[in-house]
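If you want the building blocks of each chain, they are given just below.
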Amino acid sequence: MVRRISYPSAEADAYLQKKSFDDVAVAERVAEVIANVRNQGTAALFAYTKRFDGADVDESNFRVSEAEIDAAYSQVDPSVLAALRRACENIRRFHEKQLRPSWIEPEADGTMLGQLIRPLERVGVYVPGGLASYPSSVLMNAVPAKVAGVPQVVMATPPGKDGSINPYSLVAAKEAGVDEVYRMGGAQAVAAMAFGVGLKAVDKITGPGNIYVTLAKKQVYGTVDIDMLAGPSEVLVIADESAAPAYVAADFLSQAEHDVRAATVLVTPSAALADAVEAEIARQLATLPRREIMEQALRDNGAIFIVKDLEEACQVSNRFAPEHLEVLTEAPFALLGKLTQAGAIFLGPYSPEPVGDYFAGPNHVLPTGGTARFYSPLNVDTFQKKTSLIAYSKVRFDRDAKDIIALAKAEGLDAHANAVAVRLEK
Ligand SMILES: NC(=O)c1ccc[n+]([C@@H]2O[C@H](COP(=O)([O-])OP(=O)(O)OC[C@H]3O[C@@H](n4cnc5c(N)ncnc54)[C@H](O)[C@@H]3O)[C@@H](O)[C@H]2O)c1
Ligand SMILES: N[C@H](CO)Cc1c[nH]c[nH+]1
Ligand SMILES: [Zn+2]
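Residues numbered from 1 in each chain as written. Chains lettered and ligands numbered in written order. Predicted model: local features only at pLDDT ≥ 70, side-chain atom pairs only at ≥ 80, totals over all residues. Heavy atoms only, no water.

A. Representation of the coordination of the zinc ion (ligand 3) in the model. At this site the zinc ion (ligand 3) is bound by H258 (NE2) and D357 (OD), with donor distances of 2.1 to 2.3 Å. Every donor counted, the 4 donor atoms about the zinc ion (ligand 3) form angles of 83 to 178° at the centre, which fits irregular coordination. Pair noted here: H258 is in the loop between helix 10 (245-256) and strand 10 (263-268) and D357 is in helix 14 (residues 353-358), with a separation of 99 residues, a long-range link. Looking at D357, the relative accessible area reads 10%, which means it is buried. (Donors = N, O, S within 2.8 Å, 3.2 Å for Na, K, Ca; no water. Tetrahedral: all angles 85-135°; square planar, octahedral: opposite > 155°, others 65-115°. Helix = DSSP H or I, 4+ residues; strand = E, 2+ residues; numbered from the N terminus. Buried < 20%, exposed > 50% of the residue type's maximum accessible area, 1.4 Å probe, protein only.)

Written out as structure tokens, the structure reads:
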């Protein structure tokens, strides 16, 4: 069911070059949704919600009321709420370590240089809700936003057919300090937050989603900022013969169940392990719901690479640049220095990806589609911006003026040179 690819080969090159954000047909559909929401306002937004989510939403129920959020507490299992609170605390503690102070450095001649770090004012967090609901993504977005000090955190998530929002997502929103919750999903929600349709526009949109959500974020970038392209989930497992085939198979399926577009990759020097993992996948698939989604994901996007050794396995992994990288080898830390391209790295048999998806503390909003080459996990900096501070003293100004004038003249920008020259004593 999962294609086997030897490495190096032309087939390997083709697989590793595949870029999941190059889907022109989806991009065109997304562009149409964005344009219609932008031009026609809430009429288009609510019509898309009816069409894609099957829900009747209008001005009267678009924003989720405080009463509905409070009522959600009576609909959740107290033991799950307790787990959610523990997860929230772990995520908060991890992200608080990322905080950095503003600084202003007075120098001996009276000059002051510095960097102010301030929270963004209004951020829209997207929480997926199509095939499954993601209370964990509420925490992963909103907790770092609040740690960063964002005063207005707006949450968008698609409603179910009856218009309801998953009660666990609502209690997670309250626990994390979300300020406004709206019933909307997909590209139409991204457009509404970017262009201020039905709500005040946001400055930045963060959060994961399917291909429609992710291409919509890409298309509104520039009107607002975005965090990254956090699309359909991916896991790449590097394993040797010491790995338990049942663990590798289970970790494959745990990501395949997210989306038919999810990608699951095993890279191993052991053909025997590959055979055992395939047998385990077939066995475990039969015991799990969402079987059709997983089978399609494995068939369309799954791969097992047979490599010469673990050194080569690291090369394949770096070329793929996975969202999640699991290292299930005898000495996982020995490979760490060679693994340079991944959103998050999970080492050893007791760090399966769901530990990070839900609980450990690091963020589960991660770059996909090869974009881990240049994006970082969602973090506190995502929700802050920096402003530089320059306060020159007269002594420093007089000292540097000649250099600045010379550089301005070299660029042919005489007015710049003049703005310095006029301040010099004759
Ligand atoms: N990279 C990450 O950090 C990360 C984290 C969590 C989840 N994810 C991913 O998030 C995604 C969640 O996907 P989901 O679908 O369950 O929820 P979603 O909320 O992302 O998408 C649902 C929305 O997609 C839109 N949609 C669906 N079919 C459409 C169509 N044919 N045309 C136009 N719009 C359409 C609808 O508006 C619907 O509301 C998965 O791909 C999962 O792997 C990624
Ligand atoms: N694996 C997802 C990121 O790709 C995160 C998640 C949330 N819930 C379960 N999993
Ligand atoms: Zn997951």
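B. Summary view of the site of ligand 1. Lining the immediate surroundings of ligand 1 are 29 residues, of which D53, Y126, L131, S233 and D259 lie closest. A distance of 3.2 Å separates a nitrogen atom of ligand 1 from a polar atom in the side chain of Y212. Protein contacts shield 88% of the accessible area of ligand 1, which totals 870 Å² for the unbound molecule. Contributing elements (two or more residues each) for the shell around ligand 1: helix 3 (42-53), helix 8 (186-195) and helix 9 (211-220). Here the shell around ligand 1 is composed, by residue class, of 14 nonpolar, 12 polar and 3 charged. Among the domains, domain 1 (3-20 + 232-360) and domain 2 (24-229) are the pair contributing at least three residues each to the shell around ligand 1. (Near = heavy atom within 4 Å. Polar contact = N/O pair within 3.5 Å; in protein donor to acceptor, adjacent residues only side chain to side chain. Areas by Shrake-Rupley, 256 points an atom, 1.4 Å probe, with all protein chains shown as cover. Nonpolar A, V, L, I, M, F, W, Y, C, P; charged D, E, K, R; others polar. Domains from an automatic or database assignment.)

C. The UniProt feature "binding site: NAD(+)" (unreviewed entry) in the protein chain, seen in detail. Those residues carrying the UniProt feature "binding site: NAD(+)" (unreviewed entry) are Y126, Q188 and N210 in this numbering. A stretch of 85 residues holds the annotated residues, and the largest C-alpha distance among them is 12.9 Å, short enough that they meet in one place. With respect to the helices, strands and loops of the structure, Y126 is situated in strand 4 (residues 122-126). Within the secondary structure layout, N210 lies in the loop between strand 7 (204-206) and helix 9. N210 sits in the partly exposed class, given a relative accessible area of 33%. Looking at N210, its side chain comes within polar contact range of the main-chain nitrogen of Y212, at 3.1 Å. (UniProt positions renumbered as here; feature names shortened; annotations may be inferred.)

D. Structural detail: the pattern of salt bridges. Inspection of every chain in the model, using the stated rule, returns 25 salt bridges. In this structure, R183 and E68 form a salt bridge, with 2.8 Å as the shortest nitrogen-oxygen distance. With R183 in strand 6 (residues 180-183) and E68 in helix 4 (residues 66-72), this residue pair connects regions lying 115 residues apart in the sequence. Residue classification places R183 among the buried residues on the basis of a relative accessible area of 5%. Residue E68 is classed as partly exposed on the basis of its relative accessible area, which comes to 26%. Each member of the salt-bridge network shares a partner with another, and the members are R4, D275 and E278. (Salt bridge = Lys/Arg side-chain N within 4 Å of Asp/Glu carboxyl O.)

E. Looking closely at the nonpolar core. Core analysis: the largest hydrophobic core is formed by 39 residues, its most contacted members being L139, M155, V178 and V181. Elements supplying a minimum of two residues to this core: helix 4, helix 5 (78-96), strand 4, helix 6 (135-148), strand 5 (152-157) and helix 7 (167-176). Among the elements that take part in this core, helix 6 stands out by supplying 8 residues, more than any other. The contact partners of V181, leaving out residues within four places of it in the chain, are F62, R63, V64, I69, M155, L170 and A173. By size, the runner-up hydrophobic cluster in this structure holds 37 residues, among which are F21, V33, V197 and L199. (Core = buried A, V, L, I, M, F, W, Y, C linked by side-chain atoms within 4.5 Å. Contact = heavy atoms within 4.5 Å.)

F. Region of the structure containing the pairing of strand 9 (residues 234-239). Most of strand 9 is tucked away, with 6 of its 6 residues classed as buried. Alternating residues of strand 9 divide into E234, L236 and I238 and V235, V237 and A239, and every residue in both groups is buried. Across 5 bridges, the pairing between strand 9 and strand 10 is parallel. Paired with V235 across the bridge in strand 10 is T264. Handedness of the β-α-β unit built from strand 9, helix 10 and strand 10 comes out right-handed. Summarising the sheet, strand 9 and strand 12 (residues 324-328) pair through 5 bridges and their orientation is parallel. From the neighbouring strand, V237 faces strand 12, where its bridge partner is E326. (Pairing = 2+ DSSP bridges. Right-handed = clockwise from strand over helix to strand, strands pointing away.)

G. Structural detail: the UniProt feature "active site" (unreviewed entry) in the protein chain. This chain's UniProt record puts "active site" (unreviewed entry) on E323 and H324. Mapped onto the secondary structure, E323 falls in the loop between helix 13 (310-320) and strand 12. In this structure E323 comes out as buried when scored by relative accessible area, which is 4%. Residue contacts for E323: discarding those within four places in its chain leaves S233, E234, A342, G343, A344, H364, L366, P367 and T368. Separated by 3.2 Å, the side chains of E323 and H324 make a polar contact. One can find H324 in strand 12. Residue class for H324 comes out buried when judged on its relative accessible area of 2%. What H324 contacts, discounting residues up to four positions off in sequence, is E234, V235, L236, Q255, A344, F346, E353, D357 and L366. Here the side chain of H324 touches E234 through a polar contact of 2.8 Å, landing on its backbone oxygen.

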